[in-house]
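Summary of the model geometry
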Amino acid sequence: DYPTMKQACDDYFYIPARSEHRGVGGIFFDDLPASQKSLSFVRGVVNSWMPSWFPIINRRQPLDYTPQQRQWQLLRRGRYLEFNLLA
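Presented here is a report on the structure given in the accompanying data block. (Residues numbered from 1 in each chain as written. Predicted model: local features only at pLDDT ≥ 70, side-chain atom pairs only at ≥ 80, totals over all residues. Heavy atoms only, no water.)

1. Observations regarding the environment of R70
Condition: Helix and strand definitions here come from DSSP, where helices need a minimum of 4 consecutive H or I residues and strands a minimum of 2 consecutive E residues; each element is numbered from the N-terminal end. Pairs of residues are marked as contacts when any of their non-hydrogen atoms sit within 4.5 Å. Polar contact is the term for a pair of N or O atoms within 3.5 Å; when the atoms are in protein, one must be able to donate a hydrogen and the other to accept it, and sequence-neighboring residues count only if both atoms are side-chain atoms.
Position of R70 relative to the elements: it lies in helix α3 (residues 67-86). Not counting residues within four places of it along the chain, the set of residues in contact with R70 comprises Y65 and R77. Within the structure, the side chain of R70 is placed 2.3 Å from the side chain of Q73, a separation counted as a polar contact.

2. Digging into the side chain of E20
Relative to the helices and strands, E20 is located in strand β2 (residues 20-21). Within the structure, E20 has its side chain in polar contact with the side chain of R79 (distance 2.5 Å). In contact with E20, other than residues within four places in its own chain, are F13, Y14, I15, R76 and R79.

3. Let's talk about the pattern of salt bridges
In plain terms, the rule: One side-chain nitrogen of Lys or Arg within 4 Å of one carboxyl oxygen of Asp or Glu is enough to make a salt bridge. Only protein chains enter the accessibility calculation, which uses a 1.4 Å probe; a residue is then buried when its area is under 20% of its type maximum, exposed when over 50%, and partly exposed in between.
Per the counting criterion, the structure on display carries three salt bridges. A salt bridge links D10 to K6; its shortest N-O distance comes to 2.7 Å. Of this pair, D10 and K6 both sit in helix α1 (residues 2-12), four residues apart, roughly one helical turn. A salt bridge links R76 to E20, with the shortest nitrogen-to-oxygen separation between them at 3.2 Å. With R76 in helix α3 and E20 in strand β2, this pair connects stretches of sequence that are 56 residues apart. On the accessibility criterion, R76 (21% relative accessible area) is partly exposed. Sharing partners across several salt bridges, the network here consists of E20, R76 and R79.

Next comes the structure, spelled out in structure tokens:
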């Protein structure tokens, strides 16, 4: 169910040393057993997520960004590395 998967995501992508979450949220189902039902679930997630994500990307891709926004992006990318080293 969504609340369980969201909590698993929040727990997994948390950096305790910084007391912060990495990423933008979502669901996490690493331990989902392989079955026809789980395959159907994953297909449902993909078929729902992609049509909602691509319009956002297409609309925002040509936008300019500030040096401060670029620094924030670099900082977050560094946290990704940190997360993987500490996890």
